[in-house]
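A structural walkthrough
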Amino acid sequence: MTFQGLRLKGALALSFGLLAAVLAGCLTVVIGQHASRNEQQTVRTRLASLAEVTVHVMDMGMYERMHDIVGLAGVQQLRENRLHDDNRQLLEGLQSGMPDYVWLGVADSAGRVLYATHGLLEGTDVSQRPWFVEGQQRLYLGDVRNAVALAPLLPKRADGKPWRFVDIAIPLQDPQSQPLGVLAAHLSWDWVRGVEATVLTPARRKAGIEIFIVNAAGQVIMAPAGVTDTRLPPLEKLGDASASLRWPDGREYLTGLRQSQGYRDFPGLGWRVLTRQPVDKAFASVRLLQTYIIGTGVVLAVIFGLLGMGLAHFISRPLMQLARGADRIRQGDTQGHLPEAGIFRETRQLRASFEELLQARRHHEQELADLNASLEQQVLDRTMVIEKANQHLMSVLEERIKLQLQLEELAATDSLTGLFNRRAFDERATLEMKRAQRQNHPFSIVTFDIDHFKKVNDGYGHDIGDEALKLCASTCREQLREIDICARFGGEEFMILLPETDADGARQTAERLRRCIAALELRTPKGPLSFTASFGVAVHVSGQELATTLHQADQALYAAKNSGRDRVVVFF
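Residues numbered from 1 in each chain as written. Predicted model: local features only at pLDDT ≥ 70, side-chain atom pairs only at ≥ 80, totals over all residues. Heavy atoms only, no water.

What follows deals with the overall build of the chain. Within the chain, the regular secondary structure consists of 14 helices and 18 strands. Scored against the burial criterion, the 572 residues of the chain give a buried share of 41%. For the chain, restricting intrachain contacts to residue pairs at least 6 apart in sequence, the fraction spanning at least 24 positions comes to 62%. Counting only carbon and sulfur atoms, one obtains 55% of the accessible surface of the chain, whose full area is about 31,500 Å². (Helix = DSSP H or I, 4+ residues; strand = E, 2+ residues; numbered from the N terminus. Buried < 20%, exposed > 50% of the residue type's maximum accessible area, 1.4 Å probe, protein only. Contact = heavy atoms within 4.5 Å. Areas by Shrake-Rupley, 256 points an atom, 1.4 Å probe, with all protein chains shown as cover.)

Spelled out as structure tokens, the structure:
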């Protein structure tokens, strides 16, 4: 190897190495900054979205509980003051199915409690209570408050904290619209912990995410378990996503905020939901991504540098062989071979030999042609590799799309029965209502639940109760059409939407389901179990709110229950 060859090889290796390092460094900086910004924005948006989901779930929960009381107020039995014992049992039945209602009761127009669940506060004067004063005039929804008169009558809480309630009250009137009293419910504020458990998955808790709830007056009405410092930071910086704020405990948190807007006809109580996550945990993925990008850049720089050195050796070696061949030809070796040509110092040496060896030109051109063919083959090989990589990427994307569709199906399905859940039912029912309005077609709502289902759970166990629910769901799938929408609304309650079906068709469908369910027999360790179901039917009237039709179906269901169960009642 000559001195000239060493210099050419070293120059090429240094040039390729420096170029590779500069390119890798530039790509690392540009891609790293862009990816970091995107990841930070994703983290901020995810935290704000969690606050929005929490607010929505809370508003839906209050909406459902509000309509529980509204529906209960529509029961004719409550207007019969002589049926105190029966009415008390009715309220206790509702309370047993919904333990969040700590107290349900009815006070007369003078403010004295006529009857209540388990006899609590019966005979007590509540005329000065805000829920009674407001509940005489309208539907009343109160903010979170501490229990006063009811607290001494309730068992001590396990955590030692006082009972806190949300009050719901509605006036009761006779058929002539004369006031009879007020129906009221004290909803335990503990139900919000269930909302917290729903939205805060174990992964989110592990990531340090916490939820605070603040009322319209700016007071913290729910803080995470174990948090003693409930002071809030200034919230003016919070926008649609989230922002990093320093909290009074001295730590910096990524904080998201959402204001309650209510749900449907529930106006909301002005609650706000704050979500927070320690900044170091929130942006841990960003730091990991930056480290990965930097490491990848360093690895690429080393790889390209090594490739540059190999390419320098590959280029310099044939040039030196060409120079030695030219020297041999100049010395009289007519069989000499000139592999390649170049523009470096070896090329200048070759030029002096070309003046005496013109005939060697053909051999030199052939070598260039061979080199071009080799490069074209490399391009073809690389193209095939890239095409295979693209095919693999497309298959991965297809698998992700299938997984996303499966996740969407799971989100819309009740895990026990395989039917639609309430959220999916509401979405599909809204679409069906719009379609029916466009095409001027009727549709009907059928609601039913299993009679005396609590006795089934108490007498046979919840596993048998679950089997009964699944058997009812299977019967619905067998008996209903493909276009019918069937969902489990919770507990033993089911809801069915029958497109293009009038009252008579809906009644016949409900009657067929009733007979099929009554004919079911479930084998249990205690012997065969049979059960019945009560059905309520309502026909949707054009221009009417969907919630009104659902409420009418519930009223018909209540009528079926009150008239003896195991029957179908159509709302008129």
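Looking now at unusual backbone geometry. One non-glycine residue, Leu121, adopts positive backbone phi at about 65°. Within the fold, Leu121 resides in the loop between strand 2 (113–116) and helix 3 (130–135). You can call Leu121 buried: its relative accessible area is 11%. Positive phi values are uncommon outside glycine, yet Asn440 reaches one of about 55°. When you line up the elements, Asn440 lands in the loop between helix 10 (422–439) and strand 12 (443–450).

The next thing to look at is the pairing of strand 5 (residues 164–173). Most of strand 5 sits inside the fold, with 7 of its 10 residues counted as buried. Inspection of the sheet shows strand 3 (residues 140–141) paired to strand 5 by 2 bridges, in the antiparallel sense. If you follow Tyr140 over to strand 5, its bridge partner there is Ala169. As paired strands, strand 4 (residues 145–146) and strand 5 are joined by 2 bridges and run antiparallel to one another. By the bridge assignment for strand 5, Asn146 is matched with Arg164. Pairing between strand 5 and strand 6 (residues 179–188): 9 bridges, direction antiparallel. Residue pairing for strand 6: Gln173 is matched across the bridge by Pro179. Hairpin geometry of strand 5 and strand 6 is characterised by an intervening segment of 5 residues between the two adjacent antiparallel strands and by a positive phi of about 65° at Ser177. (Pairing = 2+ DSSP bridges.)

We now examine the nonpolar core. Met58, Met62, Ile69, Leu183, Trp189, Ile213 and Trp271 are the most contacted members of the largest nonpolar core, which has 50 residues in total. By residue number, the principal contributor to this core is helix 1 (residues 3–73), which donates 13 residues. Of all hydrophobic cores here, the second largest spans 30 residues; its members include Phe448, Leu480, Leu498 and Ala506. (Core = buried A, V, L, I, M, F, W, Y, C linked by side-chain atoms within 4.5 Å.)

A word on the confidence of the model for the chain. The share of residues in the chain with pLDDT of 70 or more is 79%, and the mean pLDDT across the chain is 82. Considering only residues more than four positions removed or in separate chains, one finds that residues 1–6, a stretch of pLDDT under 50, has 8 contacts. (pLDDT = per-residue confidence, 0-100.)

Strand order across the open sheet formed by 5 strands is 13-14-12-17-18, with mixed pairing between neighbours. Each edge of the open sheet carries a strand with a single partner, namely strand 13 (485–490) and strand 18 (568–570). On average, each strand axis in the sheet is inclined to that of its neighbour by 20°, with strand direction left out of account. Judged from the 7 bridges that link them, strand 12 and strand 14 (residues 493–499) form a sheet pairing that is antiparallel. Of the residues in strand 14, the one forming a bridge with Val446 is Ile496. Sheet strands touched by helix 13 (residues 503–518): strand 12, strand 14, strand 17 (533–539) and strand 18. Its angle to strand 17, the strand with the most contacts, is close to 170°. (Axes fitted to C-alpha atoms, helices over the stretch in contact; angles between N-to-C directions.)

Burial of strand 11 (residues 272–278) is extensive: 6 of the 7 residues sit out of reach of the surface. Pairing of strand 7 (residues 210–214) with strand 11 involves 5 bridges; the strand directions are antiparallel. Looking across to strand 11, one finds that Phe212 is bridged to Leu274. The pairing of strand 10 (residues 252–259) with strand 11 spans 7 bridges and is antiparallel. When the bridges of strand 11 are listed, Gln259 appears paired with Arg272.

Another point: the packing of aromatic side chains. Under the criterion given, the structure shown has 11 aromatic pairs. Ring geometry for Trp163 versus Phe165: centroids 6.4 Å apart, planes at 35°, classification tilted. The burial state of Trp163 is the same as that of Phe165; both residues are buried. When the centroid spacing of 5.8 Å and the interplanar angle of 70° are considered together, the rings of Trp247 and Tyr253 count as edge-to-face. Exposure class is identical for Trp247 and Tyr253. Each is buried. Members of the aromatic cluster, each reached through a chain of ring pairs, are Trp103, Trp131 and Phe132. A cation over an aromatic ring shows up here: Arg65 above the ring of Trp191, its NZ or CZ 4.7 Å from the ring centre. Over the ring of Tyr460 we find Lys526, and its NZ or CZ is 5.8 Å from the ring centre. (Phe/Tyr/Trp six-rings, centres within 6.5 Å; stacked < 30°, edge-to-face > 60°. Lys NZ or Arg CZ within 6 Å of the ring centre and 35° of its normal.)

Spatial ordering of the open sheet is given by 8-7-11-10-9, a layout of 5 strands whose pairing is antiparallel. The sheet terminates laterally at strand 8 (220–222) and strand 9 (243–246), the two strands that pair on one side only. For this sheet the average axis-to-axis angle between neighbouring strands, irrespective of direction, equals 40°.

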